[in-house]
Amino acid sequence: MARTPFIAGNWKMHKTVAEAEDYIQALLPRVYSADGVDVAICVPFTALQAMVDSTRGSRVEVFAQNMHELSNGAFTGEVSAAMLTEIDVHGVVLGHSERRQCYNETDKALSHKMVAAFSAGLKPILCVGETEDERERGDTERKLRHQVQEGLERLTPEQIAQVTVAYEPIWAIGTGKVATPDQAQDAIAFVRALIEDKAPDAAEHARVLYGGSVTPDGAPELLALPDVDGALVGGASLDPENFARIVDAAVQLAAS
Ligand code: PEP
């Protein structure tokens with residue numbers, strides 16, 4: 001089963017609307033012919049509408065970086081799935097380690113957010129990954145098991161088949177320390193096995209990405225790993241040329 005490679009750029013809290021417009025005008029011609037690869041930018045709430053409008057008719061999808069699990073209520077500062085789909089946002093990043101660490105996002109809340117995303121027609125990217133301490137203690141698999149099992153807990157097999165999980169070792173995010181090919185392959189194969197436990201027929205369709213200090217130079221080796229279906233890219237996605245080079249690497253592998 002050939003899964004379509006997926007390259008997603010997570011801007012985090014970067015770019016005003018004006019900066020986002022400059023970026024997308026530079027990116028679109030660079031990824032115009034990125035056949036066989038899905039491309040998304042995950043942008044701050046304030047830039048979503050502008051990016052949806054500017055990417056219409058292109059291959060670039062626009063994702064939010066978070067959303068609330070409920071459809072409305074007294075949750076100051078939060079945004080619901082329906083608020084995202086109303087403006088034609090395609091998907092949402094859920095459970096990024098920065099949200100888990102800085103905003104106490106829990107696996108339980110994420111299990112509800114995954115359902116809310118699918119119910120609204122949003123494509124979720126569920127982020128999972130271990131800290132450096134957990135890796136050193138030999139707890140990587142325990143952590144991943146917990147995060148993947150809870151994150152997928154409330155989904156149907158049909159939904160699991162459409163899921164994207166991003167394996168992002170926390171010690172590799174924004175640090176310049178990339179997982180070795182063996183570390184990335186082993187963890188991602190383990191994530192796929194967990195998906196298979198939950199929904200045997202869905203596992204070959206679900207995509208598992210690597211994230212953590214991916215650069216244009218390092219991308220080809222990571223993207224070529226057998227279980228890696230693409231990348232969630234933070235810092236390197238902020239520059240349209242660097243991001244386009246990572247997309248190019250995926251295009252070349254898809255064509256080979
Ligand atoms: C991320 O934000 O998901 C990420 C992987 O960041 P970076 O590529 O900068 O490590």
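Just so we're clear, the structure is a prediction, and the values are computed from it rather than from any experiment.

Asker: What is the right way to read the site of the ligand from this model?
Answerer: Lining the immediate surroundings of the ligand are 14 residues, of which Lys12, Glu168, Gly174, Ser213 and Gly235 lie closest. Residue His96 places a side-chain N or O atom 2.9 Å away from an oxygen atom belonging to the ligand. Interatomic distance of 2.6 Å between a backbone N/O atom of Gly174 and an oxygen atom of the ligand. Contact with the protein chains removes 95% of the 300 Å² of surface that the ligand exposes when unbound.

Asker: Even after reading the chapter, I still don't get the packing of aromatic side chains, so can you show me in this structure?
Answerer: To describe a pair of aromatic rings, one takes the distance between the centres and the angle between the planes. Tallied over the entire structure, the rule returns three aromatic pairs. Judged by centre distance (5.9 Å) and plane angle (50°), the ring pair of Phe6 and Phe63 falls under tilted. Placement of the pair is Phe6 in strand β1 (residues 6–10) and Phe63 in strand β3 (residues 60–64), with a sequence separation of 57 residues. An identical accessibility class is assigned to Phe6 and Phe63; each is buried. With a centroid separation of 6.4 Å and 55° between ring planes, the pair formed by Tyr167 and Tyr210 is classed as tilted. Taken as a pair, Tyr167 in strand β6 (residues 164–167) and Tyr210 in strand β7 (residues 207–211) lie far apart in primary sequence, 43 residues in all. What makes Tyr167 buried here is its relative accessible area of 0%. Classification of Tyr210 as buried rests on a relative accessible area of 1%.

Asker: Explanation requested: the layout of surface pockets in the structure shown.
Answerer: Any space left empty among the atoms is revealed by the rolling of a water-sized probe across them. Taken as a whole, the largest pocket encloses approximately 410 Å³ of empty space. In this structure, the largest pocket is lined by 14 residues; those nearest its centre are Lys12, Met13, Gln65, Arg99 and Tyr103. The greatest single-element share of the lining of the largest pocket, amounting to three residues, is contributed by helix α4 (residues 97–102). Tallied by class, residues from the lining of the largest pocket come to seven nonpolar, four polar and three charged. In this model, the second largest pocket occupies a volume close to 220 Å³. For the lining of the second largest pocket, the element with the highest residue contribution is helix α11 (residues 240–255), accounting for three residues. For the lining of the second largest pocket, the class distribution of residues is eight nonpolar, one polar and two charged.

Asker: I tried to follow the pairing of strand β2 (residues 38–42) on my own but got confused; where do I start?
Answerer: Side-chain positions along a regular strand alternate between the two faces of the sheet. Buried residues dominate β2, accounting for four of its five residues. In this sheet, β2 lies alongside β1 in parallel orientation, the contact comprising five bridges. Across the sheet, residue Phe6 finds its bridge partner in β2, namely Asp38. Taken together, β1, helix α1 (residues 17–31) and β2 constitute a β-α-β crossover, and its handedness is right-handed. Of the strand pairs in this sheet, β2 and β3 are connected by four bridges, and their pairing is parallel. Bridge pairing in β3 places Ile41 opposite Val62. As a crossover connection, the stretch from β2 through helix α2 (residues 45–55) into β3 is right-handed.

Asker: Explain α11 to me, please; I cannot follow it from the model alone.
Answerer: Because each turn of an α-helix spans 3.6 residues, side chains separated by three or four positions end up pointing in the same direction. Here α11 contains 16 residues, and its C-alpha end-to-end distance of 22 Å stays within 8% of the 22 Å for a straight helix at 1.5 Å per residue. At its buried positions, α11 is contacted by β1, α1, β2, α10 (219–223) and β8 (230–233).

Scoring rules and cut-offs
Residues numbered from 1 in each chain as written. Predicted model: local features only at pLDDT ≥ 70, side-chain atom pairs only at ≥ 80, totals over all residues. Heavy atoms only, no water. Near = heavy atom within 4 Å. Polar contact = N/O pair within 3.5 Å; in protein donor to acceptor, adjacent residues only side chain to side chain. Areas by Shrake-Rupley, 256 points an atom, 1.4 Å probe, with all protein chains shown as cover. Phe/Tyr/Trp six-rings, centres within 6.5 Å; stacked < 30°, edge-to-face > 60°. Helix = DSSP H or I, 4+ residues; strand = E, 2+ residues; numbered from the N terminus. Buried < 20%, exposed > 50% of the residue type's maximum accessible area, 1.4 Å probe, protein only. 1 Å grid on protein atoms, 1.4 Å probe; cavity = no way out; pocket = protein on both sides within 12 Å on 5 of 7 lines; lining within 4 Å. Points joined across faces, edges and corners; volume = space filled by probe spheres on them. Nonpolar A, V, L, I, M, F, W, Y, C, P; charged D, E, K, R; others polar. Pairing = 2+ DSSP bridges. Right-handed = clockwise from strand over helix to strand, strands pointing away. Expected span 1.5 Å × (residues − 1). Contact = heavy atoms within 4.5 Å.

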